[in-house]
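Below are the chains, spelled out letter by letter.
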Amino acid sequence: MKSNQTTLCYIEQDGKYLMMHRVKKENDINKDKWVGVGGHFEADESPEECLLREVKEETGLTLTAWRLRGVITFICDHYQTEYMFLYTADAYTGTLINGSECSEGELEWIDKSSVYGLPIWEGDKIFFRLLEEERPFFSLKLKYEDGRLVETALDGK
C-alpha cells in the first residue's frame, strides 16, 4: 500500500484557531468533526507548497508566517496509513472566504479553550496539548480501530 501524505494547519489569532466543521463532503472520514485546514499533497509538492496551496484554496488566505510543529502517523483499519505534517500559522494576508464558498465544510474561529468540547478525533486532543505546551517538534503515532484510538506513541515511545 502506498503512503498517503497530507498537511494540516491551525491558523491562530486572538487566542483562537481557525477550524473547519466537516459537513459538506460525502464519504468523508472527518464527517461532522472539527479539524484544521489542509489536505493531500499533489505531485512533486513539498510540505510547505502543499500547506500554502491548501490554506489558500480552503480559506482564501495567504500565509506569511508558519511553523512545522510535528509529523503525525495515522494508522486506521479502514484506510491507508497517512503521514500528516502539522503546522500552526499566525500571520497571513487576504480575506477569509465566506463559509459557503468552501467545499469542505464551514470555517469558524474557535476559542482554544473550547476545542476539547467539540467533536474532534481522540488523537487530536493529544496534539492540541502538545501545541499548548509549546513542545518542540514531535512525532506522534495514532492507531485507530473502528474509529476508536487504540494505540499512541510519542517520539517513538
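Located above this text is the structure these notes cover.
Quick caveat: nothing in here was measured; it's all calculated off a predicted structure. (Residues numbered from 1 in each chain as written. Predicted model: local features only at pLDDT ≥ 70, side-chain atom pairs only at ≥ 80, totals over all residues. Heavy atoms only, no water.)

A. Fine view of the overall build of the protein chain. A count of helices and strands for the protein chain gives two helices and nine strands. Traced from its N-terminal end to its C-terminal end, the protein chain shows the element sequence β-β-β-β-α-β-β-β-α-β-β. A burial count over the protein chain gives 45% of its 157 residues as buried. Within the protein chain, contacts between residues at least 6 apart in sequence are counted, and of these 63% link residues at least 24 apart. As presented, the protein chain carries roughly 8400 Å² of accessible surface, and 47% of it is formed by carbon and sulfur atoms. (Helix = DSSP H or I, 4+ residues; strand = E, 2+ residues; numbered from the N terminus. Buried < 20%, exposed > 50% of the residue type's maximum accessible area, 1.4 Å probe, protein only. Contact = heavy atoms within 4.5 Å. Areas by Shrake-Rupley, 256 points an atom, 1.4 Å probe, with all protein chains shown as cover.)

B. Focus on the nonpolar core. Counting residues in each nonpolar core, the largest one holds 25 residues, and the members touching the most others are Tyr 10, Met 19, Ile 72, Leu 86, Phe 127 and Phe 128. Sorting the residues of this core by element identifies strand S1 (4–13), strand S2 (16–21), strand S3 (34–35), strand S5 (62–76), strand S6 (79–93), helix H2 (122–132) and strand S8 (138–145) as the ones contributing at least two each. Sorting elements by how many residues they give to this core places H2 first, with five residues. Apart from residues lying up to four places away in sequence, Tyr 10 is in contact with Tyr 17, Leu 18, Met 19, Val 35, Gly 36, Leu 86, Tyr 87, Thr 88, Ala 89, Asp 124, Phe 127 and Phe 128. Counting residues in each nonpolar core, the second largest holds 17 residues, with Leu 18, Leu 61, Phe 85 and Ala 89 among its members. (Core = buried A, V, L, I, M, F, W, Y, C linked by side-chain atoms within 4.5 Å.)

C. Quick peek at H2. Taken residue by residue, H2 has Gly 123, Asp 124, Ile 126, Phe 127, Phe 128, Leu 130 and Leu 131 as its buried positions. With its phi angle positive at about 55°, Glu 134 sits one or two positions after the end of H2.

D. Quick peek at the pairing of S2. Across three bridges, S1 lies against S2 in antiparallel orientation. Bridge pairing in S2 places Gln 13 opposite Lys 16. Hairpin connection between S1 and S2: a loop of two residues separates the two successive antiparallel strands, and Asp 14 in this loop has a positive phi of roughly 50°. Pairing of S2 with strand S7 (residues 106–111) involves six bridges; the strand directions are antiparallel. Within S7, the residue paired with Met 20 across the bridge is Leu 107. When S2 meets S3, the two strands line up antiparallel, connected through two bridges. Looking at S3, one finds that Met 20 is bridged to Val 35. (Pairing = 2+ DSSP bridges.)

E. Inspection of the environment of His 78 at higher detail. Position of His 78 among the secondary structure elements: in the loop between S5 and S6. On a C-alpha basis, the gap between His 78 and Asp 146 in space is 7.7 Å, while along the polypeptide they are 68 residues apart. Among the polar contacts made by the side chain of His 78, one reaches the side chain of Asp 146 at a distance of 3.2 Å. (Polar contact = N/O pair within 3.5 Å; in protein donor to acceptor, adjacent residues only side chain to side chain.)

F. Fine view of the pattern of salt bridges. Summed over the entire model, instances satisfying the criterion amount to ten salt bridges. With a closest N to O distance of 3.5 Å, Arg 53 and Glu 42 form a salt bridge. Highlighted residues: Arg 53 in helix H1 (residues 47–59) and Glu 42 in the loop between strand S4 (37–40) and H1, separated in sequence by eleven residues. One connected set of salt bridges, linked through shared partners, spans Glu 42, Glu 45, Arg 53, Glu 54 and Glu 57. (Salt bridge = Lys/Arg side-chain N within 4 Å of Asp/Glu carboxyl O.)

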